[in-house]
Amino acid sequence: MLFRSILQLGDPKRVVTEPGLYWKLPIVQNILYYEKRVLNLDPPVESILLSDQKRILVDAFARYRISDALEFFKSVRTEGGVRQRLGPIINASLRGVMGNVTLASVLSEERADLMLQIKEKVNVEASRFGIELVDVRIGRADFPDEISLAVFGRMNSERKREAAEFRAQGFEQAQRVRASAARAAAVTRARESGRAAG
């Protein structure tokens, strides 16, 4: 299904939403077609500082529908215009909402509530463009590479420390077992030499 916007000398005049026969003046009027279906918007990855001072890279996506074709034509004209105008608004809303929560909240069930808050904030702005936001979701939330490497380094050093600790405990237990075995051997030898002498 499509919206048909009738333009007269470049000015939007009316929108045709129902199928049927309609007249237009050749040369003076032309028609632009816009989708009624839900469309996708994939803004660029955004770096966000959470309230617990952890930086994450958020890859979000949105689904929207053109609700007012005339307003859409006046404000953004094309889907490319939507990307340029709505992408930064979505990323600003992501920063605004997620900047007030911790990493644990982003990774928990609260994530759905966060997405709803972002959607409501973006919908206020999107209505100016003749757009209705249907959904906003986080596709991925990752640490930046330098943080991932630092976390990996910490995990690696922690595992090495634990391995050294386990080796030390094993060495200590081995020493106890050897000492106990040496004592038992010495006692047994003393008994046997006492029996042999007696």
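Residues numbered from 1 in each chain as written. Predicted model: local features only at pLDDT ≥ 70, side-chain atom pairs only at ≥ 80, totals over all residues. Heavy atoms only, no water.

**Overview of the overall build of the chain**
Rules: Runs of H or I in DSSP of at least four residues are treated as helices and runs of E of at least two as strands, each being numbered from the N terminus. When we talk radius of gyration, it's over C-alpha atoms, and the globule rule is simply 2.2 Å times the number of residues to the 0.38. Contacts are assigned to residue pairs that have any heavy atoms within 4.5 Å of one another. Every accessible area reported is derived by Shrake-Rupley at a probe size of 1.4 Å, with residue values counting cover from the shown protein chains alone. Neither His nor the chain ends contribute to the count of charged residues, in which Lys and Arg are positive and Asp and Glu negative. Where a charge lies is defined by one atom per residue type: Lys uses NZ, Arg uses CZ, Asp uses CG and Glu uses CD.
When helices and strands are counted, the chain shows five helices and seven strands. Counted from the first residue to the last, the chain has its helices and strands arranged as β-β-β-β-β-β-α-α-α-α-β-α. For a compact globule of 198 residues, the expected C-alpha radius of gyration is about 16 Å, and the chain comes in at 35 Å, more than 25% above that figure. Taking the principal axes of the C-alpha coordinates as reference, the chain spans close to 130 × 30 × 25 Å. For the chain, the proportion of contacts with a sequence separation of at least 24, taken over those separated by at least 6, is 65%. Carbon and sulfur atoms make up 55% of the accessible area of the chain, which amounts to about 13000 Å² in all. For the chain, the distance from the average site of its 32 positive side-chain charges to the average site of its 25 negative ones is 5 Å.

**What to know about helix H2 (residues 79-98)**
Put simply, the rule is: Working rule for helices: expected span equals 1.5 Å times residues minus one. Bend is computed residue by residue as the angle between axes fitted to the seven residues ending at the residue and the seven residues starting at it. Burial here depends on accessible area, computed with a 1.4 Å probe over protein chains only, as a share of the maximum for the residue type. Under 20% is buried, over 50% is exposed, and the range in between is partly exposed. As used in this structure description, the phrase polar contact means that two N or O atoms lie within 3.5 Å; if the pair is within protein, one of them must be able to donate a hydrogen and the other to accept it, and residues adjacent in sequence are counted only when both atoms belong to side chains.
Taking 1.5 Å of rise per residue, the 20 residues of H2 would be expected to cover 28 Å, and the 27 Å separating its terminal C-alpha atoms lies within 8% of that figure. If you look at H2, its biggest bend is around 30°, right at Leu86, and the proline Pro88 turns up within four residues after that. When we look at burial in H2, the residues that qualify are Gly81, Val82, Leu86, Gly87, Ile89, Ile90, Asn91, Ser93, Leu94, Val97 and Met98. Two or three places before Gly80, at the opening of H2, Thr78 has a side-chain oxygen 3.3 Å from that residue's backbone nitrogen.

**Focus on the packing of aromatic side chains**
The line we're drawing: Two aromatic rings, drawn from Phe, Tyr or Trp (for Trp, its six-membered ring), form a pair once their centres lie within 6.5 Å of each other, and the interplanar angle then sorts them: stacked below 30 degrees, edge-to-face above 60, tilted otherwise. Counted as over-ring charges are cases with an Arg CZ or a Lys NZ within 6 Å of the ring centre that also lie within 35 degrees of the ring normal.
All chains considered together, the criterion is met by one aromatic pair. For the ring pair Tyr34 and Phe72, a centre distance of 5.0 Å and an interplane angle of 75° mean the geometry is edge-to-face. In this pair, Tyr34 sits in strand S3 (residues 29-35) while Phe72 sits in helix H1 (residues 69-75), placing the two residues 38 residues apart along the sequence. As far as burial versus exposure is concerned, Tyr34 and Phe72 are alike and both buried. When the ring centre of Phe73 is taken as reference, the NZ or CZ atom of Arg77 above it lies at 4.4 Å.

**Regarding the side chain of Glu46**
Relative to the assigned elements, Glu46 resides in strand S5 (residues 46-49). When near neighbours in sequence (up to four residues on either side) are disregarded, Glu46 contacts Ile56, Leu57, Val58, Asn91 and Arg95.

**Description of the pattern of salt bridges**
To keep it simple, the criterion reads: The working definition used for a salt bridge is a side-chain nitrogen of Lys or Arg within 4 Å of a carboxyl oxygen of Asp or Glu.
Considering all chains together, one arrives at eleven salt bridges under this definition. With a shortest N-O distance of 2.8 Å, Arg37 and Glu35 are connected by a salt bridge. With a closest N to O distance of 2.9 Å, Arg161 and Glu165 form a salt bridge. You can see Arg161 and its partner Glu165 sitting in helix H5 (residues 145-197), four residues apart, about one turn around the helix.

**Topic: the side chain of Gln29**
Relative to the helices and strands, Gln29 is located in strand S3. Of the residues examined, Gln29 reaches a relative accessible area of 9% and is grouped as buried. Within polar-contact distance, the side chain of Gln29 engages the side chain of Gln8 at 3.0 Å. Once residues within four sequence positions are removed from consideration, Gln29 is found in contact with Ile6, Leu7, Gln8, Trp23 and Lys24.

**Structural notes on the sheet that holds S3**
What holds strands together in a sheet is hydrogen bonding between their backbones, with the strands either parallel or antiparallel. Here is the rule we go by: Two strands form a pair only when DSSP identifies at least two bridges running between them. Angular values range over 0 to 180 degrees, each being the angle between N-to-C directions of two axes fitted as lines to C-alpha atoms, with helices fitted over their stretch in contact.
Sheet architecture is open: three strands sit in the order S2-S1-S3, paired in antiparallel fashion. Edge strands, defined here as strands with exactly one partner in the open sheet, are strand S2 (11-16) and S3. Averaged over all pairs of adjacent strands, the angle between their axes in this sheet comes to 30°, without regard to strand direction. Sheet topology places strand S1 (residues 2-8) next to S3; seven bridges connect them, and they run antiparallel. What sits directly across from Ile6, in S3, is Ile31.

**A look at the nonpolar core**
Applicable threshold: Each nonpolar core is a collection of buried residues, namely Ala, Val, Leu, Ile, Met, Phe, Trp, Tyr and Cys, held together in the definition by side-chain atoms within 4.5 Å.
Ranked by size, the top nonpolar core spans 37 residues in total, and within it Val82, Leu86, Leu94, Met98, Ile118 and Ile131 carry the most contacts. Those elements giving two or more residues to this core turn out to be S1, strand S4 (39-41), strand S6 (55-66), H1, H2, helix H3 (103-106), helix H4 (111-126) and strand S7 (131-142). Beyond its immediate sequence surroundings of up to four residues, Met98 is in contact with Ile48, Leu50, Ser51, Ile56, Val58, Val106, Ile118 and Ile138.

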